[in-house]
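Below, each chain spelled out in residue letters.
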Amino acid sequence: MSDKEQRFNFKDLLDIMAKLRGEGGCPWDREQTHESLRQYMLEESYEVVDAINHKDDDELKEELGDVLLQVVFHAQIAAEQNRFTIQDVIDNICRKMISRHTHIFGDDTADTVAQVLDNWERIKSDEKGFDTHTERMKAIPSILPALMRSYKVQKKAAAVGFDWDDVKDAISKVDEELQEFKDVYLSENYGKIVEELGDLLFAIVNVARFLDIQPELALNEATEKFIKRFEYIENSAKGAGKRLEDMSLKEMDELWEQAKL
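Source: prediction; values computed, not measured. (Residues numbered from 1 in each chain as written. Predicted model: local features only at pLDDT ≥ 70, side-chain atom pairs only at ≥ 80, totals over all residues. Heavy atoms only, no water.)

K.L.:
Would you mind going over a negative patch on the surface in detail, with residue names and values included?
P.N.:
Residues E43, E47, D50, E62 and E224 make up a contiguous surface patch of negative charge. Of all the elements, helix 3 (residues 34-54) adds the most residues to the negative patch, at three residues. If you trace the backbone, E47 turns up in helix 3. (Patch = residues over 30% accessible without salt bridge, like charges linked within 9 Å, V, L, I, M, F, W, Y side chains within 5 Å. Areas by Shrake-Rupley, 256 points an atom, 1.4 Å probe, with all protein chains shown as cover. Salt bridge = Lys/Arg side-chain N within 4 Å of Asp/Glu carboxyl O. Lys, Arg positive; Asp, Glu negative; His and termini not counted. Charge placed at Lys NZ, Arg CZ, Asp CG, Glu CD. Helix = DSSP H or I, 4+ residues; strand = E, 2+ residues; numbered from the N terminus.)

This is the structure in structure tokens:
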């Protein structure tokens, strides 16, 4: 059987990683630590999401493999230090899935998605030993993208009734925060400007939550739309033998409006 025809399994992946980290292995792999690998876990996770957005199975298959490699890499480092093994990782996640799906593996009942999520949060809180709702908020990783983290924090607050009655109230709060930002943005108080801009962004995220829209995804779509329209401006300028740097804002804005059509 040729190398291309050979079907590797999970043990093969573990053996490969152990060899790369072992005596006579790869110099780069051998010097890596949990800390040095952090950026790669983030990058590979984002690339998985990008593959999902592209609806590309081949790309998704590859990127999921890259994330799996990171998991195995970290487990190998930990095993070398006698801290835990990949088996411990697998055992832990299996136990977590069983314990948090008591409506499947236990005696609880959950016939709707909302009931499933309520059970999950209740069981998670018991496992973590959270005594207050503030502790639940603080447990949301600060490393998350700011839009995503603020969305999650707001959901925690809403779960106990600290929320607007209607999306119109949330939109009014955006108007209020926008006015407060306008009141300070020309001042020399940089700290206050940052504070008010942050409040405005937080209020916008709240509107997104009411409408069940992930603000991170909405902003990404807006960014992609901007790039496409900017590309139209640049291509139109090239077609007319012009450089963007030599065009006026009025000329570029006219092309921008054309790009919307």
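K.L.:
Which residues make up the packing of helix 10 (residues 167-184) against helix 11 (residues 190-210), and what values do they have?
P.N.:
Remark: helix 10 packs on helix 11, axes separated minimally by 9 Å, with the N-to-C direction vectors making an angle of 165°. With respect to their mutual orientation, helix 10 and helix 11 come out roughly antiparallel. Taken as a pair, helix 10 and helix 11 cross one another with a handedness that is left-handed. Each of V167, A170, I171, K173, V174, E177, L178, E180, F181 and V184 in helix 10 lies in contact with helix 11, whose residues at this interface are K192, I193, E196, L197, D199, L200, A203, I204, V207 and F210. (Axes fitted to C-alpha atoms, helices over the stretch in contact; angles between N-to-C directions. Parallel < 35°, antiparallel > 145°, perpendicular 65-115°, else oblique. Left-handed = near helix turned anticlockwise from the far one by under 90°. Contact = heavy atoms within 4.5 Å.)

K.L.:
An account of the packing of aromatic side chains is requested, with residue identities and associated values reported.
P.N.:
One pass over the structure, following the stated rule, counts five aromatic pairs. Taking the centre distance of 5.8 Å and the plane angle of 25° together, the rings of F181 and Y185 count as stacked. Both rings, one in F226 and one in W256, keep their centres 5.3 Å apart while their planes meet at 50°; by these two values the pair is tilted. On the criterion of sequence distance, the pair formed by F226 in helix 12 (residues 215-239) and W256 in helix 13 (residues 249-260) is long-range, its members being 30 residues apart. A relative accessible area of 46% places F226 in the partly exposed class. Assessed through its relative accessible area of 18%, W256 is described here as buried. Taken together, the aromatic side chains of W28, Y40 and F73 make up a single cluster linked through ring pairs. (Phe/Tyr/Trp six-rings, centres within 6.5 Å; stacked < 30°, edge-to-face > 60°. Buried < 20%, exposed > 50% of the residue type's maximum accessible area, 1.4 Å probe, protein only.)

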